[in-house]
Amino acid sequence: MSKKINLTSGATVTIKDADGLKVKDRNRIMRAGDAKSDAEKGIAIGNALLATIIEDWSYDLLVPSAKEDSIEELPIKDYVELMKLTEDIIKDLFPDIADTDKNKLNPDSPLGN
């Protein structure tokens, strides 16, 4: 099943929900982070996740499943909004690591993490 999302910029994006994902999608997302620094790994995995779930969008760009570099042409506010939409999908794809104590927010941290 898919759902159409209206971003605050006015752009629209159609994404798969977690029920439409398969093990091969999870494996491809994980492989995106291979042999990279921690920062690069996070970006690569996030972009691979977007490339996996985005089926269509209103941008005048190829969808990321056809050209993952299209993600880098997005307005930053739209990118951040899309990444926030992936939080629940990440929990479904990686339930064992999404809810560990290490990943919970630290209320004493000035950074909020």
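Let us look at the structure shown here. (Residues numbered from 1 in each chain as written. Predicted model: local features only at pLDDT ≥ 70, side-chain atom pairs only at ≥ 80, totals over all residues. Heavy atoms only, no water.)

1. Re the sheet that holds strand β1 (residues 2-6)
The three strands lie next to each other as β1-β2-β3, forming an open sheet whose pairing is antiparallel. In this open sheet, the two edge strands, each paired with only one partner strand, are β1 and β3 (54-57). Neighbour to neighbour, the strand axes of the sheet diverge by 20° on average, direction disregarded. Pairing geometry for β1 and strand β2 (residues 12-16), over five bridges, is antiparallel. (Pairing = 2+ DSSP bridges. Helix = DSSP H or I, 4+ residues; strand = E, 2+ residues; numbered from the N terminus. Axes fitted to C-alpha atoms, helices over the stretch in contact; angles between N-to-C directions.)

2. Looking at helix α3 (residues 76-85)
Looking at α3, one finds that the buried residues are Asp78, Tyr79 and Leu82. Looking down the long axis of α3, one finds its buried residues gathered within 100° of arc, a one-sided arrangement. Counted as exposed and oriented over 90 degrees from the buried face of α3: Ile76, Lys77 and Lys84. Elements in contact with the buried residues of α3: β2, α2 (38-53) and β3. (Buried < 20%, exposed > 50% of the residue type's maximum accessible area, 1.4 Å probe, protein only. Arc of directions from axis to C-beta. Contact = heavy atoms within 4.5 Å.)

3. Observations concerning the packing of aromatic side chains
Scanning all chains against the criterion turns up one aromatic pair. Between Trp57 and Tyr59, the ring centres sit 4.9 Å apart and the planes meet at 85°, which makes this aromatic pair edge-to-face. (Phe/Tyr/Trp six-rings, centres within 6.5 Å; stacked < 30°, edge-to-face > 60°.)

4. Focus on the packing of helix α1 (residues 23-31) against α2
At their nearest, the axes of α1 and α2 sit 8 Å apart, and the two run at 150° to each other. Put simply, α1 runs roughly antiparallel to α2. Of the two possible hands of crossing, α1 and α2 adopt the one that is right-handed. Residues Asp25, Arg28 and Ile29 of α1 lie in contact with α2, whose contacting residues are Ile45, Ala48, Leu49, Ala51 and Thr52. Taken together, the residues of the contact of α1 with α2 break down into five nonpolar, one polar and two charged. (Parallel < 35°, antiparallel > 145°, perpendicular 65-115°, else oblique. Left-handed = near helix turned anticlockwise from the far one by under 90°. Nonpolar A, V, L, I, M, F, W, Y, C, P; charged D, E, K, R; others polar.)

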